[in-house]
Amino acid sequence: MNSDLFKTAAAAAAKAYAPYSRFQVGCALLTVQGNLFTGCNVENASYGLTICAERNTIFHAVAEEGPGMKIAELAVIALGFEFPPCGACRQVIAEFAGPRVPIWFLRDGKPVSMTMAELLPASFRI
Ligand code: THU
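Residues numbered from 1 in each chain as written. Predicted model: local features only at pLDDT ≥ 70, side-chain atom pairs only at ≥ 80, totals over all residues. Heavy atoms only, no water.

## Overview of the site of the ligand
- Taken together, the residues surrounding the ligand are Ser 21, Phe 23, Val 25, Asn 41, Glu 43, Thr 50, Cys 52, Ala 53, Glu 54, Phe 83, Pro 85 and Cys 86.
- Here an oxygen atom of the ligand sits 2.9 Å away from a polar atom, N or O, in the main chain of Ala 53.
- The backbone of Cys 86 places a nitrogen or oxygen atom 2.9 Å from an oxygen atom of the ligand.
- More than half of the atoms of the ligand fall within 2 Å of the grid points belonging to the largest pocket.
- Of the residues belonging to the shell around the ligand, the class tally is seven nonpolar, three polar and two charged. (Near = heavy atom within 4 Å. Polar contact = N/O pair within 3.5 Å; in protein donor to acceptor, adjacent residues only side chain to side chain. 1 Å grid on protein atoms, 1.4 Å probe; cavity = no way out; pocket = protein on both sides within 12 Å on 5 of 7 lines; lining within 4 Å. Sits in = over half its atoms within 2 Å of the grid points. Nonpolar A, V, L, I, M, F, W, Y, C, P; charged D, E, K, R; others polar.)

So, in structure tokens, the structure goes:
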């Protein structure tokens, strides 16, 4: 994988607005068109309004490239803990990623990837 994607995601995590959870999350994605986008989580005093790093990044990519935006590869990282994308973000990633697209995250300190289909089998589609 493009290891720069993790470095870029980590730099984005440092910009997170996370005064409530203290979980600073960053995401970087490469589009099929070849553009790189980043984002971080942005929390809110009304907790439910918080937006995850992955969705923030994807919405930014669509705003820039338009509705045809397709994800080629995505990495997510948090400062100080490890996790794969949350369920809500999996559904949003699946909207813009084919079943074989690799989604990267850290496990035991190492980058691992799962395909979109492994992360969210039988995703909702209309
Ligand atoms: N968070 C993300 O940014 N991405 C995920 O996939 C899971 C959770 C954020 C949301 C919240 O700001 C903090 O992590 C704790 O849940």
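## So, the side chain of Glu 43
- Counting through the fold element by element, Glu 43 comes out in the loop between β2 (36-40) and α2 (53-65).
- With no salt bridge to any partner, buried Glu 43 finds its closest opposite charge in Arg 22, at an N-O distance of 7.8 Å.
- In this structure the side chain of Glu 43 is engaged in a polar contact, spanning 3.0 Å, whose partner is the backbone nitrogen of Tyr 20.
- Every residue in contact with Glu 43, bar those within four places of it in the chain, is listed here: Tyr 17, Ala 18, Pro 19, Tyr 20, Ser 21, Phe 23 and Thr 50. (Helix = DSSP H or I, 4+ residues; strand = E, 2+ residues; numbered from the N terminus. Buried < 20%, exposed > 50% of the residue type's maximum accessible area, 1.4 Å probe, protein only. Lys, Arg positive; Asp, Glu negative; His and termini not counted. Salt bridge = Lys/Arg side-chain N within 4 Å of Asp/Glu carboxyl O. Contact = heavy atoms within 4.5 Å.)

## Overview of the pattern of salt bridges
- Applying the stated criterion to the full structure yields one salt bridge.
- The salt bridge involving Asp 4 is made with Lys 7; its shortest N-O contact spans 3.9 Å. Taken together, the residues Asp 4 and Lys 7, both in helix α1 (residues 3-13) and three residues apart, mark about one turn of the helix.
- By relative accessible area, which is 44% here, Asp 4 ends up partly exposed.

## A short note on α1
- By the burial criterion, the buried members of α1 are Leu 5, Phe 6, Ala 9, Ala 12 and Ala 13. Angularly, the buried residues of α1 cover 120 degrees about the axis, an arc narrow enough to put them on a single face.
- Taken together, the buried residues of α1 touch β1 (25-31), β2, β3 (71-78), β4 (102-107) and β5 (110-115). (Arc of directions from axis to C-beta.)

## Describing the packing of aromatic side chains
- What the rule picks out here adds up to three aromatic pairs.
- Ring geometry for Tyr 20 and Tyr 47: centres 5.5 Å apart, planes at 40 degrees, overall tilted. Taken as a pair, Tyr 20 in the loop between α1 and β1 and Tyr 47 in the loop between β2 and α2 lie far apart in primary sequence, 27 residues in all.
- Overall, Tyr 20 belongs to the partly exposed group, its relative accessible area being 38%.
- Given a relative accessible area of 59%, Tyr 47 falls into the exposed group.
- Three or more aromatic residues joined by ring pairs form one cluster here, namely Phe 23, Phe 81 and Phe 83. (Phe/Tyr/Trp six-rings, centres within 6.5 Å; stacked < 30°, edge-to-face > 60°.)

## Section: the environment of Cys 86
- Along the chain, Cys 86 falls in the loop between β3 and α3 (87-96).
- In the structure, Cys 86 is positioned 15 residues away from Ile 71 in sequence and 17 Å away in space, judged by C-alpha atoms.
- Residues within four places of Cys 86 in sequence aside, it is in contact with Cys 52 and Glu 54.

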